[in-house]
Amino acid sequence: QVQLVESGGGLVQAGGSLRLSCAASGSRFILNAMGWYRQAPGKQRELVAEMTSGGSYANYADSVKGRFTISRDNAKNTVDLQMNSLKPEDTAVYYCHLEGTVLGHPTSDYWGQGTQVTVSS
């Protein structure tokens, strides 16, 4: 019903930068929040950054505060994650996440396929 497509992942050296993008499409929906999660090998998926539909509040994991910035275009239903000063510990598959309500359906969570970010030391 809602499709999320991520882009921008890749290989970068420590201290470098990447910008991830996510675009939502599909059925008409009411957007509650969009954000980014990541999952490293052998670890659980964790929140990186999220933003409510109004864009008035953003929540970041402590490990990325001051280095990552989330931004959103409400009209286009896109969300970006600017990642600066990358560290090897940031290596993970990054997933775009959307919480929304498709007309006539319960509120649900939607996930992208993920994009690999690898930071070399």
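Along each chain, the written sequence defines residue order, and numbers are assigned to residues from 1. Reporting of local features is limited, given that this is a predicted model, to residues whose pLDDT is at least 70; pairs of side-chain atoms are given and counted only at 80 or more, and all residues count toward the totals for whole chains, interfaces and linings. Working from all heavy atoms in the structure, the side-chain values ignore hydrogens and water.

Engineer: Got a minute to help me understand the pattern of salt bridges in this structure?
Structural biologist: Oppositely charged side chains may form a pair once their charged atoms are brought near each other. For this analysis, a salt bridge means a side-chain nitrogen from Lys or Arg found within 4 Å of a carboxyl oxygen belonging to Asp or Glu. Per the counting criterion, the structure on display carries 5 salt bridges. One salt bridge connects Glu 46 with Arg 38, and the closest N-O pair in it is separated by 3.0 Å. Using a 1.4 Å probe on the protein chains alone, a residue whose accessible area is under 20% of its type maximum counts as buried, one over 50% counts as exposed, and one in between counts as partly exposed. Note on Arg 38: relative accessible area 6%, which makes it buried. Residues Arg 67 and Asp 90 are paired through a salt bridge, measuring 2.8 Å at the closest nitrogen-oxygen approach. You can see Arg 67 sitting in the loop between strand 6 (58-60) and strand 7 (68-73) and its partner Asp 90 sitting in the loop between strand 8 (78-83) and strand 9 (92-102), a full 23 residues away along the chain. A run of DSSP states H or I qualifies as a helix once it reaches four residues; a run of E qualifies as a strand once it reaches two. Both are numbered from the N-terminal end.

Engineer: Would you explain the sheet that holds strand 3 (residues 18-26) in this entry?
Structural biologist: Neighbouring strands of a sheet are bound in pairs by backbone hydrogen bonds; such pairs are parallel or else antiparallel. Any two strands are treated as partners once DSSP identifies two or more bridges connecting them. With respect to topology, 4 strands assemble into an open sheet ordered 1-3-8-7, the strand pairing being antiparallel. On the outer flanks of this sheet lie strand 1 (2-7) and strand 7, each paired with one strand and no other. Pairwise comparison of adjacent strand axes, ignoring direction, gives a mean angle of 15 degrees for this sheet. Simply put, an axis is a line fit to the C-alpha atoms, just over the touching stretch for a helix, and the angle between two N-to-C directions goes from 0 to 180 degrees.

Engineer: Please clarify how the environment of Asn 84 should be interpreted in this entry.
Structural biologist: In this structure, Asn 84 sits in the loop between strand 8 and strand 9. The contact rule is simple, with two residues in contact once any of their heavy atoms fall within 4.5 Å. Aside from chain neighbours lying at most four places away, what touches Asn 84 is Gly 16, Ser 17, Arg 67 and Phe 68. Counting of polar contacts relies on pairs of N or O atoms within 3.5 Å, with two restrictions inside protein: one atom must be capable of donating a hydrogen and the other of accepting it, and residues adjacent in sequence are counted only when both atoms are side-chain atoms. Side chain to side chain, Asn 84 and Ser 17 meet in a polar contact 2.9 Å long. There is a polar contact of 3.0 Å between the side chain of Asn 84 and the side chain of Gln 82.

Engineer: Can you walk me through the side chain of Asn 77 in this structure?
Structural biologist: Checked against the element boundaries, Asn 77 lands in the loop between strand 7 and strand 8. Beyond its immediate chain neighbours, meaning those up to four positions away, Asn 77 contacts Cys 22, Ala 23, Ala 24, Phe 29, Leu 31, Met 34 and Arg 72.

Engineer: Looking at this model, I keep getting lost on unusual backbone geometry. Mind explaining?
Structural biologist: Only a minority of non-glycine residues have a phi that is not negative, and only a minority of peptide bonds are not trans. One non-glycine residue, Asn 77, adopts positive backbone phi at about 55 degrees. By relative accessible area, Asn 77 is classed as buried at 18%.

Engineer: Just checking my understanding: could you explain the packing of aromatic side chains for this structure?
Structural biologist: For any pair of aromatic rings, geometry is given as the distance between the ring centres together with the angle between the planes. Any Phe, Tyr or Trp ring, taking Trp's six-membered ring, that has another such ring centre within 6.5 Å forms a pair; planes under 30 degrees apart are called stacked, those over 60 apart edge-to-face, and the others tilted. In the structure shown here, the tally under the stated rule is 1 aromatic pair. Aromatic pair Tyr 37 and Trp 111: ring centres 5.1 Å apart, planes at 70 degrees, arrangement edge-to-face. Of this pair, Tyr 37 sits in strand 4 (residues 29-39) while Trp 111 sits in strand 10 (residues 107-111), placing them 74 residues apart in sequence. Between Arg 45 and the ring centre of Tyr 95, over which it is positioned, the NZ or CZ distance is 3.7 Å. Definition used: whenever NZ (Lys) or CZ (Arg) falls within 6 Å of the ring centre and also within 35 degrees of the ring normal, the charge is taken to sit over that ring.

Engineer: Please explain the side chain of Asp 90 as it appears in this structure.
Structural biologist: Of the residues examined, Asp 90 reaches a relative accessible area of 2% and is grouped as buried. In terms of polar contacts, Asp 90 uses its side chain to reach the side chain of Arg 38, at 3.0 Å.

Engineer: It is not clear to me how the pairing of strand 8 should be interpreted in this structure. Could you clarify?
Structural biologist: With 6 bridges connecting them, strand 3 and strand 8 associate as antiparallel partners. What sits directly across from Ser 21, in strand 8, is Asp 80. Both strand 7 and strand 8 contribute to a ladder of 6 bridges, which runs antiparallel. By the bridge assignment, Ile 70 is partnered in strand 8 with Leu 81.

The quantities given are spatial measurements derived from coordinates; they are silent on function.
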